[in-house]
Amino acid sequence: MSSPLMLYYCPGHMSFAPHVILNEIGLPFERRCLSIKSGDTAQAEFRAVNPKGKVPVLKTAEGILTESSAILMYLALRYPGEHLLPDAAVGQAQVVEWLNWLSSMLPASIALRLHPYRFTDEQSAWAGIQARGQAECESFYQMVEQKLQHKTWAVSERFTVVDPMLMIFYRWGDLLGLDMSAFPCWQRHTENMRKRPAVLKTLATEEITI
Ligand SMILES: N[C@@H](CCC(=O)N[C@@H](CS)C(=O)NCC(=O)O)C(=O)O
């Protein structure tokens, strides 16, 4: 019987986080690998699943979910035995705080840096937009580093659905040309992530290294 769960993902993108969490949960799930570069997210077939044209998407027996924060919260709440959220209300609120920030603000800054043409057709303005994006990303990365000081995991003493999101943005730091050795707490966090079998499995499936 086929699994009711199907993840649409693009290797090395934000879909990495729910991909890790599905492997942590360990139930069978199906995967649909898309290439953003080749235009798969613009295809009508995918737009029928997610009109926003973005990954991740999770098909569930209860309907289709988009937005990484919603998918991660769904998995954490749907499989409470995995303890993917802190027990305390304040810890749960901090998870939402992290997820909102990581899934909305950072992609916006990265888009300024990598896709200036999305903001204006005026080619002469692109360099300025990219410079603003780079500065925003740098300040963002410094804030993450601050928040990870003296911590093993992002929230409380426990691995939560926030942690794989941080790992994928660590990789994006390299792609943005940031010197990631300037972020030792985040580097240590990534090393801790690499010790988890579910993370290693996801890296292997997506054929990426972090
Ligand atoms: N807020 C969304 C952002 C998702 C997003 O930006 N996904 C990117 C990959 S990291 C994407 O699918 N881009 C495809 C495109 O722009 O065509 C979320 O958290 O899921």
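Above this text sits the structure in question.
What you see is a predicted model, and the numbers here were worked out from it, not measured in a lab.

Novice: Lay out the packing of aromatic side chains in plain terms, naming residues and giving numbers.
Specialist: Under the counting rule described, the total for this entry stands at nine aromatic pairs. Centre to centre, the rings of W101 and F140 are 4.2 Å apart; their planes meet at 10°, and the pair counts as stacked. Taken together, the positions of W101 in helix α4 (residues 89-114) and F140 in helix α5 (residues 126-147) put the pair 39 residues apart, joining distant regions of the chain. Take W101 and F140: they sit in the same class, and that class is buried. Each residue in the set Y141, Y170, F183 and W186 is aromatic and connected to the rest through ring pairs, giving one cluster. The ring centre of W101 lies 5.9 Å from the NZ or CZ of K147, which sits over that ring.

Novice: Describe the nonpolar core, naming the residues involved and giving the relevant values.
Specialist: Among soluble globular proteins, nonpolar side chains are generally buried collectively. Counting 57 residues, the largest nonpolar core has Y141, F169 and W186 as the members making the most contacts within it. Elements supplying a minimum of two residues to this core: β1 (6-9), α1 (16-25), α3 (68-78), α4, α5, α6 (163-175), α7 (184-194) and α8 (197-206). Here this core spans two domains, and each of domain 1 (6-82) and domain 2 (89-195) adds at least three residues to it. Beyond its immediate sequence surroundings of up to four residues, F169 is in contact with M14, L102, L106, P107, I110, Y141 and W186. Membership of the second largest hydrophobic core comes to eight residues, among which are M6, Y8, C10 and V49.

Novice: Please set out the site of the ligand residue by residue, giving values where relevant.
Specialist: Surveying the vicinity of the ligand reveals the residues H13, M14, I36, T41, G53, K54, V55, P56, E67, S68, S103 and R118. Separating an oxygen atom of the ligand from a side-chain N or O atom of S68 is a distance of 2.5 Å. Within the backbone of S103, one N or O atom sits 3.2 Å away from a nitrogen atom of the ligand. Within the complex, the protein chains bury 83% of what would otherwise be the 510 Å² of accessible surface of the ligand. Its residues placed into classes, the shell around the ligand shows four nonpolar, five polar and three charged.

About the cut-offs
Residue numbering note: each chain is counted from 1, following its sequence as written. Confidence filtering applies because this is a predicted model: local features only for residues at pLDDT of at least 70, side-chain atom pairs given and counted only at 80 or more, and all residues used for totals across whole chains, interfaces and linings. Side-chain metrics in this entry use all non-hydrogen atoms of the structure; hydrogen atoms and water are not considered. Aromatic rings from Phe, Tyr and Trp, taking only the six-membered ring of Trp, are treated as a pair when their centres fall within 6.5 Å; an angle between ring planes under 30 degrees marks them as stacked, one over 60 as edge-to-face, and anything in between as tilted. What counts as a helix is a DSSP run of H or I of at least four residues, what counts as a strand is a run of E of at least two, and both are numbered from the N terminus. Relative accessibility decides the category of a residue: with a 1.4 Å probe and only protein chains considered, values under 20% of the type maximum give buried, values over 50% give exposed, and everything between is partly exposed. Geometrically, a lysine NZ or arginine CZ counts as sitting over a ring once it is within 6 Å of the ring centre and also within 35 degrees of the ring normal. The criterion is simple. A nonpolar core is a set of buried Ala, Val, Leu, Ile, Met, Phe, Trp, Tyr and Cys residues joined through side-chain atoms within 4.5 Å. Where each domain starts and ends comes from a domain assignment, either automatic or drawn from a database. Any pair of residues with heavy atoms lying within 4.5 Å of one another is described as a contacting pair. Nearness is defined per residue: one heavy atom within 4 Å of the molecule or strand is enough. Polar contact is defined as a pair of N or O atoms within 3.5 Å, subject to the rule that within protein one atom must be able to donate a hydrogen and the other to accept it, and that residues adjacent in sequence are counted only when both atoms are side-chain atoms. Reported accessibility uses the Shrake-Rupley method at a 1.4 Å probe radius. Residues are deemed covered only where the shown protein chains occlude them. Here the nonpolar group is Ala, Val, Leu, Ile, Met, Phe, Trp, Tyr, Cys and Pro; Asp, Glu, Lys and Arg are the charged ones; every other residue, Gly included, is treated as polar.

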